[in-house]
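For reference, the chains in residue letters:
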Amino acid sequence: MTLEGKTAFVTGGRGGIGRAIVARFLREGATVYAGDLTEQGSLAAHDADGSNFVKLDVTSETDVMAAMERVTGEQGKLDILVNAAGIEIEKTIEDTTLDEWNKSFAVNCTGTFLTSKYALPLLRVAAKSGRTASVINFGSYDGFIADPGLAAYCATKGAVHALTRAMACDHGPEGIRVNAVCPGYVDTPMLQSFFKGEGSGGNGGDIETLQKAVRDVHPMRSYGSPDDIANLVNWLAGDEARYASGQLWVLDGGLSAQVQQMKL
Amino acid sequence: MDKTAIVTGGGRGIGRAIVVRLLRDGWRVVTCGRGAEPEDLPAGAIWVQGDVATSEGWAALLSAAGPVQALVNNAGVQVEKTVIDSTDADYDQVMDVNCRGTFNMCRAVLPRMTDQGGAIVNIGSVSGVVSDPTMALYNASKAFVHALTRSIAVDHGPNVRCNAIRPGWIMTAMAEDAFALARDPDAARSDALARHPVGRFGKPEDIANMVAWLLTDEASYISGECFTIDGGMTAASPLNPGLF
């Protein structure tokens, strides 16, 4: 157990990847708060897991302040903040409405900003223990290279990458490390939605064929599981990673290490 | 007085396009290759037969050129193998031409260039950033070129500028051969085209255009950079469900 005595807050904590991070943190002995819009989150079923559910819309300053007040009252500190809440709009910029654009930025960027801003006093308390506090943002490999028809999503993730470096510079002297995990294709409700989406080539057709084709493009011949992401998040959260800060950690089964795979 | 540019590997492909362009821009151009002078070498270009990987090769080139204001390291070879399949001879061939040749030429021109001023353009590759399958040594050799480019820029300013260009798919005889060998050449060609946002493959002239510009005073504040010219190919994920 690597996180005993630590308190963690995970936004999107009932979603595909967030849920796996919550479960892993609990196994590692942390006290975990899982923030999400609903207790069930985006997964069809949710088992009680021992985390503290916090009803939270990360775009609401009031919600975020209330969430951190609760952690202050119950724990008095926060060692780990994971900003895993995120949405994606599967459209080109021409088809994206201003409302969709603003909503993408509100959840993926503003949410990360708000939770980090109001968690900082608690993170400082944790860092004074002599062990570093750790913020883990969710970027994406899409912040480096583009998937077709995901323009707003790509842009928000690029913004998260820059915010990550800025936060690492500003708060490193206080003992707070800030990193971003940048997943590629991970088996989540978001990915399944992408498979079914019009822009994906799926068009409601044979999803298994599409899934196999997606696996085959990866050097590892599979896309990731939420647990694969949770493994890296867990490492970045712990003391083993005490010198790791300001970095963007791509985790995509080697996908983006390759050039376009021509059918030769 | 004419300004002189050395372009290595100017016999064909990208190197030839660079030779043609620099001649048009008024450079005196000295170029080289391991074979005899090509019959279609443009008038005005000076041919030196030699291998830039050897000391005789680069010395002959330098002696023919005299003082140079520009060096374009374009000569390159590729071996299509994984690490397991690559032999010592493959390693020597790729590293000798792509790495040692580039290094030799830079080292030879830099002492004078550091005093008199000049610009170096190295031809790297997108493959030095993201991997082409079964091109292990080639991919690694191009990453060497990118890092050497930055080192020269850092160590040998302010009079010397050094940059690299990373071409993507440029339609040369080498690329045409790859389509010809595909199971379904037409399908292979249309799939590859769809992976290029600009809707076409690169032409040697696309690279020559940037080389020419990087050698002008317009680019006098540019050094230590590696520029990708690939029609947008590597801006997109290699996973495109629309192309399955």
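Note that this is a predicted model, so its numbers are computed, not measured. (Residues numbered from 1 in each chain as written. Chains lettered and ligands numbered in written order. Predicted model: local features only at pLDDT ≥ 70, side-chain atom pairs only at ≥ 80, totals over all residues. Heavy atoms only, no water.)

## So, the overall build of chain B
Inference 1: The number of helices and strands found in chain B is seven helices and seven strands.
Inference 2: From first element to last, N terminus to C terminus, chain B shows the α and β order β-α-β-β-α-β-α-β-α-β-α-α-α-β.
Inference 3: The C-alpha radius of gyration of chain B comes to 18 Å, within 12% of the 18 Å expected for a compact globule of 244 residues.
Inference 4: With the principal axes as the frame, chain B shows a C-alpha extent of 55 × 40 × 35 Å.
Inference 5: Here chain B, with 244 residues, has 51% of them falling under the buried criterion.
Inference 6: Long-range pairs, those at least 24 residues apart, make up 67% of the contacts in chain B between residues at least 6 apart in sequence.
Inference 7: In the form shown here, chain B has an accessible surface area of approximately 11300 Å², with 52% of it arising from carbon and sulfur atoms.
Inference 8: Considering chain B, the positive charge centre built from 20 side chains and the negative charge centre built from 27 side chains are found 4 Å apart. (Helix = DSSP H or I, 4+ residues; strand = E, 2+ residues; numbered from the N terminus. Rg over C-alpha atoms; globule rule 2.2 N^0.38 Å. Buried < 20%, exposed > 50% of the residue type's maximum accessible area, 1.4 Å probe, protein only. Contact = heavy atoms within 4.5 Å. Areas by Shrake-Rupley, 256 points an atom, 1.4 Å probe, with all protein chains shown as cover. Lys, Arg positive; Asp, Glu negative; His and termini not counted. Charge placed at Lys NZ, Arg CZ, Asp CG, Glu CD.)

## Here's the deal with the packing of helix α2 (residues 55-65) of chain B against helix α3 (residues 88-116) of chain B
Residues and elements named next belong to chain B.
Inference 1: One way to put it is that α2 packs onto α3 with a least axis distance of 10 Å and a crossing angle of 40 degrees. The pairing of α2 with α3 is recorded here as oblique in orientation. As α2 runs across α3, the sense of the crossing is right-handed. Across from Trp58, Leu61 and Leu62 in α2, the residues of α3 making contact are Asn104, Met105, Ala108 and Val109.
Inference 2: For the contact of α2 with α3, the residue count by class is six nonpolar, one polar and no charged. (Axes fitted to C-alpha atoms, helices over the stretch in contact; angles between N-to-C directions. Parallel < 35°, antiparallel > 145°, perpendicular 65-115°, else oblique. Left-handed = near helix turned anticlockwise from the far one by under 90°. Nonpolar A, V, L, I, M, F, W, Y, C, P; charged D, E, K, R; others polar.)

## A closer look at the sheet that holds strand β6 (residues 176-183) of chain A
All names here are of chain A.
Inference 1: The strand order across the open sheet built from seven strands is β3-β2-β1-β4-β5-β6-β7, with neighbouring strands paired in parallel fashion. The open sheet is flanked by β3 (52-55) and β7 (248-251), the only strands paired with a single partner. Averaged over all neighbouring strand pairs, the angle between strand axes comes to 20 degrees, with direction disregarded.
Inference 2: The sheet contact formed by strand β1 (residues 7-11) and strand β2 (residues 31-36) spans five bridges and is parallel. Note on β2: the bridge partner recorded for Phe9 is Tyr33.
Inference 3: This element, helix α2 (residues 61-74), spans β1, β2, β3 and β4 (80-83) of the sheet and lies at about 150 degrees to β3. (Pairing = 2+ DSSP bridges.)

## Let's talk about the domain arrangement of chain B
Inference 1: For chain B, the assigned domains read domain 1 (4-167 + 203-229) and domain 2 (174-201).
Inference 2: Here the C-alpha centre of domain 2 of chain B lies 26 Å away from the C-alpha centre of domain 1 of chain B. (Domains from an automatic or database assignment.)

## Observations concerning the environment of Leu210 of chain A
Residues and elements named next belong to chain A.
Inference 1: Here Leu210 shows up in helix α6 (residues 207-217).
Inference 2: For Leu210, a relative accessible area of 8% corresponds to the buried category.
Inference 3: Placed 133 residues apart in sequence, Leu210 and Lys77 show a C-alpha to C-alpha distance of 45 Å.

## Re the interface of chain B and chain A
Inference 1: Of the residues lining the interface, 26 residues belong to chain B; the matching set on chain A comes to 24 residues.
Inference 2: Around 2100 Å² of area is buried between chain B and chain A when both sides are counted, 66% of it from carbon and sulfur atoms.
Inference 3: It is Pro238, Leu239 and Phe244 of chain B in chain B that bury the most area against chain A; as a group they hold 30% of the surface buried on that side.
Inference 4: At the junction of chain B with chain A, the criterion picks out nine residue pairs in polar contact (both at pLDDT 80 or more). (Buried area = accessible area lost by both parts, 1.4 Å probe. Polar contact = N/O pair within 3.5 Å; in protein donor to acceptor, adjacent residues only side chain to side chain.)

## Concerning the sheet that holds strand β3 (residues 46-49) of chain B
Residues and elements named next belong to chain B.
Inference 1: Taken together, seven strands build an open sheet; the order of strands is β3-β2-β1-β4-β5-β6-β7 and the sheet is parallel. One side of each edge strand has no neighbouring strand; the edge strands of this open sheet are β3 and β7 (226-229). Across this sheet, the average inter-strand angle for adjacent strands is 20 degrees, counted without regard to direction.
Inference 2: For strand β2 (residues 28-33) and β3, the ladder comprises four bridges, and the chain directions are parallel. By the bridge assignment for β3, Val30 is matched with Ile46.
Inference 3: Against the sheet, helix α1 (residues 13-24) makes contact with β1 (4-8), β2, β4 (70-73), β5 (118-123) and β6 (160-167), and its axis sits at roughly 170 degrees relative to β1, the strand it touches most.

## A word on a nonpolar patch on the surface
Residue and element names in this part refer to chain A.
Inference 1: On the surface, Ile93, Leu98 and Trp101 cluster together into a nonpolar patch covering about 340 Å² of accessible area.
Inference 2: Locating Ile93 in the fold gives a position in the loop between β4 and α3 (98-127).
Inference 3: For Ile93, a relative accessible area of 62% translates into the label exposed. (Patch = residues over 30% accessible without salt bridge, like charges linked within 9 Å, V, L, I, M, F, W, Y side chains within 5 Å. Salt bridge = Lys/Arg side-chain N within 4 Å of Asp/Glu carboxyl O.)

## Here we look at the pairing of β1 of chain A
Residues and elements named next belong to chain A.
Inference 1: The buried fraction of β1 amounts to five of the five residues, a majority that puts the element mostly inside the structure.
Inference 2: The alternating pattern of β1 places Thr7, Phe9 and Thr11 on one face and Ala8 and Val10 on the opposite face, and all of these are buried.
Inference 3: In the classification by handedness, the crossover that spans β1, the intervening helix α1 (residues 16-27) and the parallel β2 is right-handed.
Inference 4: Sheet analysis places β1 next to β4, joined by four bridges and oriented parallel. The residue bridging Thr11 from the neighbouring strand is Asn83, located in β4. (Right-handed = clockwise from strand over helix to strand, strands pointing away.)

## Digging into the pairing of strand β5 (residues 133-138) of chain A
Residue and element names in this part refer to chain A.
Inference 1: The element β5 is largely enclosed, with a buried count of six among its six residues.
Inference 2: One crossover worth recording links β4 to the parallel β5 by way of α3, and it is right-handed.
Inference 3: Here β5 runs beside β6; their pairing, made up of six bridges, is parallel. Across the sheet, the residue bridging to Ser134 is Arg177, located in β6.
Inference 4: Taking the sense of rotation as the criterion, the β-α-β connection linking β5, helix α4 (residues 151-171) and β6 turns out right-handed.

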